[in-house]
Amino acid sequence: MKIVLDIGGSIVASPAPNVPYIKGLAELLIELRREGHRVMVVVGGGRLARDYVAAARELEASEDYCDEVGIGATRMNAMLLIAALGEHAMKALRKNTLGAAKAKKILVMGGTKPRQTTDAVSAQLAWRTHADLLVVATNVDGVYDSDPRVDPKAKKLPRVTPQQLVKLVSTKEYRAGSTAVVDPVAARIIERNRIKTIVLDGRRLENIRAAVSGGEHGGTVVG
């Protein structure tokens, strides 16, 4: 399969780079590649991005400039994964999704441009490469009917339609450094292009493996 993995910065580097996790993720990606899968990864900024965006905002930077700062953090995290992948990864950090379908090794990206989160980059990458599966690996175990971090009565939804996903996240106002299980732009790309998507708890690497192999991943299927 062609797989796009949207890996949250909250897993990889919050508050600091999680080196054991990055090593484990790299091992899994190499294993998937050896099995014949084509793997592409987009890495988020996590705490590093949020801290730097907050500092830039305090210094009265524009929202677009704050976004550029956050993008820098995502690319730093992506470079750590490239280091862990070694010869299995494309050494050049790709800065846009154009031509990504031609990548022979594991492709790793961070953010690309202001007003677009790494969720949106992942969805766009899945669309451009005609990926069979988009896996959104985050620190929440799926899509809920409300934010489980603030609503103790929030219920996890094992399956949602793309239209339901758009509706659930459309109330989120975008600002540099903002967080959501899937951002509204990504949700609309998923809906428009009918991209098979699974949102899961990426802190457990076995969930990602299960999503690829068709096993029990404990997350939410969008489709």
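The notes below deal with the structure included here. Throughout this document, residue positions are counted from 1 along each chain, in the order its sequence is written. Note on the predicted model: pLDDT of at least 70 is required for a residue's local features to be given, and 80 or more for side-chain atom pairs to be given and counted; whole-chain, interface and lining totals, by contrast, use all residues. Only hydrogens and water are set aside; all other atoms, that is, all heavy atoms of the structure, feed into the side-chain values.

1. Section: the pattern of salt bridges
Okay, step 1: Within this document, salt bridges are pairs made up of a side-chain nitrogen of Lys or Arg and a carboxyl oxygen of Asp or Glu, the two lying within 4 Å of each other. Counted according to the given criterion, the structure contains eight salt bridges.
Okay, step 2: Across the pair Glu31 and Arg209 runs a salt bridge whose closest N-O atoms are separated by 2.4 Å. Here Arg209 lies in helix H8 (residues 205-213) and Glu31 lies in helix H2 (residues 19-34), a separation of 178 residues in the sequence.
Okay, step 3: Each residue is assigned to one of three classes by its accessible area relative to the maximum for its type, calculated with a 1.4 Å probe on protein chains only: buried under 20%, partly exposed between the two thresholds, exposed over 50%. The class for Glu31 is partly exposed, based on a relative accessible area of 38%.
Okay, step 4: When the shortest N-O distance is used, the salt bridge between Arg204 and Glu206 registers 3.0 Å.
Okay, step 5: Overall, Glu206 belongs to the partly exposed group, its relative accessible area being 44%.
Okay, step 6: In this structure, a network of salt bridges that share partners links the residues Glu31, Glu35 and Arg209. Helix and strand labels come from DSSP, where a helix needs a run of H or I of at least four residues and a strand needs a run of E of at least two; each type is numbered from the N terminus.

2. Re the nonpolar core
Okay, step 1: Here, nonpolar core refers to any group of buried Ala, Val, Leu, Ile, Met, Phe, Trp, Tyr and Cys residues whose side-chain atoms link them within 4.5 Å. Residues Leu5, Ile7, Leu29, Val41, Leu81 and Leu85 are the most contacted members of the largest nonpolar core, which totals 34 residues.
Okay, step 2: A per-element tally of this core places H2 first, with eight residues.

3. Some words on unusual backbone geometry
Okay, step 1: With omega at 5°, the peptide bond leading from Ser14 into Pro15 counts as cis.
Okay, step 2: Within the fold, Pro15 resides in the loop between helix H1 (9-12) and H2.
Okay, step 3: Located in the positive-phi region is Arg194, a residue other than glycine, with phi close to 55°.
Okay, step 4: Relative to the elements of secondary structure, Arg194 occurs in the loop between helix H7 (184-193) and strand S8 (197-201).
Okay, step 5: Overall, Arg194 belongs to the exposed group, its relative accessible area being 76%.

By themselves, these are just geometric observations and shouldn't be taken as functional.
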